[in-house]
Amino acid sequence: MGFTSRRDFLKSTGLLTAGMALTGRAKIFGASASDKVVKIGMVGTGARGTSLLATLTGVKNIEIKALCDINKNALSAATRLVEQRLDQKPDEYSGDEHAYKKLMARDDLDAVIIATPWEWHTPMAVYCMNAGKYAGVEVPSSLTIDECWELVNTSEETGVPCMMLENWSFRRDNLAVLNMIRQGLFGQIVHSHCAHSHDCIDHWFFDAATGKDRWPAKYLLDYNRDQYPTHSVGPVYSWMDIGCGDYLDSLTSTATLSAGINDYFKHKFGPDHPGAKREYAQGDIVTTTIKTKKGKTIIVNYDMQLPRPYDNRWMIQGTRGLYDECHKSVYLADHSPGYHQWEPFAPYQNAFEHKWWQQEFQGGHGGTDFLTLKTFIDAVRDQTQTPLDVYDAVLMSCLVPLSGKSIKEDSKPVKVPDFTRGKWKTREPYFAIDNRKFKLPGSAEAQVITENGMPTQAFNLGKGKLEVKLPDVSVSLVGNPSQFSGWPGIGGTPTHCLYGNDWGIDISVPRNSSGVISVYAYDFEGQRKQSVTFEDRKADKLESFSKGTWLEYPFTKADSKDGKLRLRLKNLGTGNSVLSKLKISISNDA
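First things first, this report covers the structure right here in the doc. Residue numbering note: each chain is counted from 1, following its sequence as written. At least 70 in pLDDT is required for a residue's local features to be given in this predicted model, at least 80 for side-chain atom pairs to be given and counted, and no such filter applies to totals for whole chains, interfaces and linings, which use all residues. Calculation of side-chain values draws on the structure's entire complement of heavy atoms; hydrogens and water are dropped beforehand.

Most of the time, phi is negative for any residue but glycine, and the peptide bond is trans. Note that the residue after valine 139, namely proline 140, is joined by a cis bond; omega there is -15 degrees. The helix count covers DSSP runs of H or I at least four residues long, the strand count covers runs of E at least two residues long, and both are numbered beginning at the N terminus. Along the chain, proline 140 turns up in the loop between β5 (134–137) and α6 (145–158). Phi is positive for asparagine 452, close to 55 degrees, though the residue is something other than glycine. When you line up the elements, asparagine 452 lands in the loop between β16 (449–451) and β17 (454–460). Three exposure classes are used, based on accessible area relative to the maximum for each residue type with a 1.4 Å probe and protein chains only: buried under 20%, partly exposed in between, and exposed over 50%. The class of asparagine 452 is exposed, set by a relative accessible area of 72%. Backbone geometry at asparagine 512 places phi at a positive 60 degrees, although glycine is not the residue there. Within the element layout of this structure, asparagine 512 appears in the loop between β21 (503–508) and β22 (515–521).

Spelled out as C-alpha cells, the structure:
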C-alpha cells in the first residue's frame, strides 16, 4: 500500500475530504481480510522500541519488513530479535537522523511504529501519513500546539489514520470501569482525578550508575509543565466522553518548587555532583485543573521526580457513585450493601470484564501493550479507523504545552483549541464499544432452587448487593457492616464475609409464613468470639469457628406474623462479628 495508490484511491472515490476518514469507524480502503499479512516498519529500537517490537512479534499475520535507528548496535540487536522470533530478516536503515524517510518511502509497508525521543514524534508521524502509511506513534504525540494542528491537518488531508499508542486506555481495569460507566452504574459523570506518579529520576531521566543525562533530562532543564500527561488522562477521556459529546474548555496549571532532583543527586552522588548544583526548570509536582464544555472537571497530577511507589490515582465520580483506583474499591449508591461503605472493585472487574480481555495476553505491562498493538494492527489489516484516532492523540498531548503556558503565566486559565473543529458535538462514543449484557457481582447466584421441598435462595455475603428473587422477600442490613473479599480459599472455604462489631440482618417474609433461615459463620484467623441471635431466642455463642459452621433457624407462622424476622450478631471478644453466607427457605404453604 504505497503513497500513490492510496492517495489516488481516496481522490477517485471522493473520500479525501477534511476529517472524512476520522469521523467514523467504517472501512475506508478495502474489504476486511482477517488473515491478511500486515507489513510493518519500526523507527526507534531503543529500550521502548525493542519492548514494543518483542510484543509485536506475538501478533499473528504480520511481517516486520524494516527497522530504523541511528544507534547501529541497538538496530542490530532488534534485527536479531525479529530473526529469532519470526524467522524474518528486516532491512536496516541507519546513518543520519533522517534515515527514517527512506524506510517510510518504501511501497511495501502498511504501517510504521514510531518509538523515538519525543521531539521526533510529530515530524515522523506527519511524514508517515504523507507517505500513505498508518502511523502508530508513542506518547506524547506532540509537544507544541502547532505540532498538534500539524498532526490533525495531515491526517484529515491525507485520510490516513494516526494512533498514539496510549496503552493505559487499554488496561484491563480501566476498560471494566468504562463498561460500568456505560451501564450507568455511576450515574451522570461529573468529576475525575488522575496522575502519573512514577519516580523516574534514577533510571529514565538520568543514568542510574553515573547520574549523566539521558535524552529526557533536557526537558527538566528547559521546561516547567506536565511532561507526561497521556498515561493520566488516557482512560479518563473515554470515561468522560471527551471528544464525543463533551470537550476540554480550559485549564489552569500550578507547579511546586523544584527540589527533588537536587536532593536525589546529593543523596546518591554527593553534594559536589553537577546534578546536585544545577537549576532545573521543572517543578516537582504539577497540578492541572481542567474544565469541560459540559461543566465536568478533571484534576491531573504530574509526579515523576520524587521518591514514591508507582500510582495513577484514578478516580471517576458521578451522581450515583464512584470508582477509586487507590482504594481498589467502588461505592454505588444503588447497589453497594453498606451505606457509604467501600466495597472491593475486583468482583466488579470480573463482572464487567471487557470483551477484549476475554483472553490472556503476553507482553509488556501485563499484556496491555499487546492489546494496544493488536487493535492497531487489526485496524491496519481491515483498513478502518484506529481505536484511538488523531484527535485523541492531540487532546491528550496538548496538556504538555498548555500546562507550561499556564504555569508561565502565573497559573492563568488557558483555552484548549478545538482540534475537531466542532465535530465533538455530534461524534458518538466509539472507543472500546462493548454492547454485551452484564450482571452485577453476585447476580449469577440470584436464583431460586427447591431444597427440602421449599423454594430456597442462597447468598454469598460480602460480594455485592444481595439480589433477592424469592417472591415477597427482602433483605436489609442493620448496623452498616462492611464487605470483605480476600481470605485465602482453603478446601472450599469462603473467601468473603460481612463484618462489623454489633450488626444484623432484617428479613421481610410473607406474613404468617414458615420456613428456615440459615447463616454460615467462618473465621479464617480463628480468633473471633461472637453470638448470633434469631428473634428472641437464646443466643448461639461461637467461640471457635475457624472451620466454619452453619446455624439453622426454623421459623413458624407465629414468628412471621408481622412479616419481619430479625437476626443479630454481637462481638464477644477481639476482632469483629462475621457471616459469610445466608440462605432463606420459605414453605410453599406461605
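Attention now moves to helix α16 (residues 399–408). For α16, the buried fraction is high: 8 of the 10 residues fall into the buried class. Along α16, the positions that sit buried rather than exposed are Leu399, Val400, Pro401, Leu402, Ser403, Gly404, Ser406 and Ile407. Every residue pair with non-hydrogen atoms within 4.5 Å of one another is taken to be in contact. Where α16 is buried, its residues contact α6, α10 (230–239), β8 (248–255), β9 (285–292), α15 (390–397) and β15 (414–415). Positioned one or two residues after α16, aspartate 410 has a phi angle of 60 degrees, which is positive.

Attention shifts here to the pairing of β22. Counted residue by residue, β22 has 7 buried out of 7 residues, so it is predominantly covered. Where burial is concerned, the two faces of β22 agree: the one with Gly515, Ile517, Val519 and Ala521 and the one with Val516, Ser518 and Tyr520 are both buried. Bridge count for β22 against strand β25 (residues 549–555) is 7 bridges, and the pairing is antiparallel. The residue of β25 that forms the bridge with alanine 521 is threonine 549. In this analysis, strands are considered paired if DSSP registers two or more bridges between them. Pairing analysis gives 6 bridges linking β22 to strand β28 (residues 581–586), with the strands arranged antiparallel. By the bridge assignment for β28, glycine 515 is matched with isoleucine 586.

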